[in-house]
Amino acid sequence: MGTGVDSSALDGERLRRGELRRSRLRDRRPVSTRLTQRTNEEWIAALSSASPGSSSLVDELTAYIRRVLGSTLKNKALKSDDIEDLAQESILQLLRSLDSFRGDSAFSTWVAAVATRTAYTELRRRHARETNHAAYFQAQEDALAESTKSEGEDSDLVSKLYATIDDSLTEKQRIATLALLRGVPTIEIAEQLGSNQNAVYKLVHDARLRLRDALERRGVTAEALDQFAVQGGQQ
Amino acid sequence: MRISKKELQTLSTLLGMTEVVEINCEEFLAMTPAYLEKFELQEDSLGGKFKSFYHHLSICPECREELEALCEAKRAGHLDA
């Protein structure tokens, strides 16, 4: 769904996180967390003509996002200031993303999905920083070291898997694949590789396709892989 | 430390699930609102429209975590309709 939103205006001075947050703390007017009933088209039109930062519409959306995040992040043990920060981050992202609203759901449902994605991504980024990116750097080290070489006790299948990882994947593919297997967030892999999350997904998807084809050429059947995977699930 | 056997087994599971064409996390997010308004229906009644969505869900733990939180918020009545 296209919009005529002036994103430069929406990203203007008053919408800069710090100032907006300060104004929220100064001015805790009661704002309903229920969104006013509007059609999707009315929402987009209203946001398109909203005064940047000072809009009651933005206040209304932010209050709703706060409520949504209070629910979708309830297991994260966050303080109210954290929720406020994430709500501010989310409203900025939302206003930048209006063009991506497809109109196949209620606007409020789309707002909830975008806000939740923004908040989770930010929390994953913060966690990576707090742990000094340890999991990523370990995965990088392991993926680049001559560590995938087979050892004597490996089965034929395991030896072929190690050899295929070594021979078929690029360095970046090995790092990203191993990091994801170890639960390193996509956002961190993207930032470490100087890339973005979509590119990381494609990198690893291509790696999986390459591995599967190369294993097939080495005589490893899909059934053998399934059986090996099931053994892991049973341990 | 090399890639562990356990990691190879997880990778093997993923290789078995790999499709030539897959949606990425951004495309998954674009489909999420429509899914949220229908997820209480039986999967079969959603038709093939969400096939790629379900596939992505099975291989992406981050999108799965977010969707579970959203579905729970929806069930709890915390999302406006």
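Everything below is about the structure shown above.
What you see is a predicted model; the values in this text were computed from it and never measured.

**Student:** Before we move on, can you summarise the overall build of chain A with the specific residues and values?
**Tutor:** Counting secondary structure elements, chain A contains twelve helices and zero strands. The N-to-C order of helical and strand elements in chain A reads α-α-α-α-α-α-α-α-α-α-α-α. Residues classed as buried in chain A amount to 48% of the 235 residues present. Across chain A, contacts joining residues at least 24 apart in sequence account for 74% of those joining residues at least 6 apart. In the form shown here, chain A has an accessible surface area of approximately 11500 Å², with 46% of it arising from carbon and sulfur atoms.

**Student:** Account for helix α9 (residues 171-181) of chain A, naming residues and giving values.
**Tutor:** Residues Gln173, Arg174, Ile175, Ala176, Thr177, Leu178 and Ala179 of chain A constitute the buried set of α9 of chain A. Looking one or two places after α9 of chain A, you find Gly183 of chain A, whose phi comes out positive at around 85 degrees.

**Student:** Tell me about the environment of Gln140 of chain A, and please be specific about residues and values.
**Tutor:** Residues and elements named next belong to chain A. By the secondary structure assignment, Gln140 is in helix α7 (residues 134-144). Given a relative accessible area of 26%, Gln140 falls into the partly exposed group. Distance from Gln140 to Gln88, taken between C-alpha atoms, is 33 Å for residues 52 residues apart in sequence.

**Student:** Requested: an account of the pattern of salt bridges, with residues and values cited.
**Tutor:** In total, this model carries 21 salt bridges over all chains according to the counting rule given. A salt bridge links Glu66 of chain B to Arg124 of chain A, with the nearest nitrogen and oxygen atoms 2.7 Å apart. Pair noted here: Glu66 of chain B is in helix α4 (residues 61-75) and Arg124 of chain A is in helix α6 (residues 107-130), and the two residues belong to different chains. Neither Glu66 of chain B nor Arg124 of chain A differs from the other in exposure class; each is buried. Beyond isolated ion pairs, a larger network of salt bridges with shared partners links Lys76, Arg117 and Arg124 of chain A together with Glu62, Glu65 and Glu66 of chain B.

**Student:** Now, about helix α11 (residues 197-217) of chain A: what can you tell me, with residues and values included?
**Tutor:** Helical geometry note: an α-helix holds 3.6 residues per turn, so side chains three or four residues apart project in the same direction. All names here are of chain A. When the terminal C-alpha atoms of α11 are compared, their 30 Å separation across 21 residues agrees well with the 30 Å that a helix rising 1.5 Å per residue should span. Among all positions of α11, only Val200, Tyr201, Leu203, Val204, His205, Ala207, Arg208, Leu209, Leu211, Ala214 and Leu215 are buried. The distance from a side-chain oxygen at the start of α11 to the backbone nitrogen of Asn198 is 3.1 Å, and the residue carrying that oxygen is Asn196. Gly219 occupies a position one or two residues after α11 and carries a positive phi of about 85 degrees.

**Student:** Tell me about the interface of chain A and chain B, and please be specific about residues and values.
**Tutor:** Where interface size is given, it is often the accessible area lost as the parts come together that is meant. Each partner contributes residues to the interface: chain A has 60 residues there, and chain B has 48 residues. Across the chain A/chain B interface, buried area totals approximately 4900 Å², and carbon plus sulfur atoms make up 55% of it. Sorting the residues of chain A by area buried against chain B places Arg117, Tyr201 and Arg208 of chain A first, and these three jointly supply 15% of that buried surface. Here chain A is connected to chain B by ten salt bridges. Linking chain A to chain B there are 29 residue pairs in polar contact (both at pLDDT 80 or more). Looking at the side of chain A that touches chain B element by element, the count peaks at ten residues for α6 of chain A. Classifying every residue of the side of chain A that touches chain B by side-chain character gives 24 nonpolar, 20 polar and 16 charged.

Cut-off values and rules
Residues numbered from 1 in each chain as written. Chains lettered and ligands numbered in written order. Predicted model: local features only at pLDDT ≥ 70, side-chain atom pairs only at ≥ 80, totals over all residues. Heavy atoms only, no water. Helix = DSSP H or I, 4+ residues; strand = E, 2+ residues; numbered from the N terminus. Buried < 20%, exposed > 50% of the residue type's maximum accessible area, 1.4 Å probe, protein only. Contact = heavy atoms within 4.5 Å. Areas by Shrake-Rupley, 256 points an atom, 1.4 Å probe, with all protein chains shown as cover. Salt bridge = Lys/Arg side-chain N within 4 Å of Asp/Glu carboxyl O. Expected span 1.5 Å × (residues − 1). Polar contact = N/O pair within 3.5 Å; in protein donor to acceptor, adjacent residues only side chain to side chain. Buried area = accessible area lost by both parts, 1.4 Å probe. Nonpolar A, V, L, I, M, F, W, Y, C, P; charged D, E, K, R; others polar.

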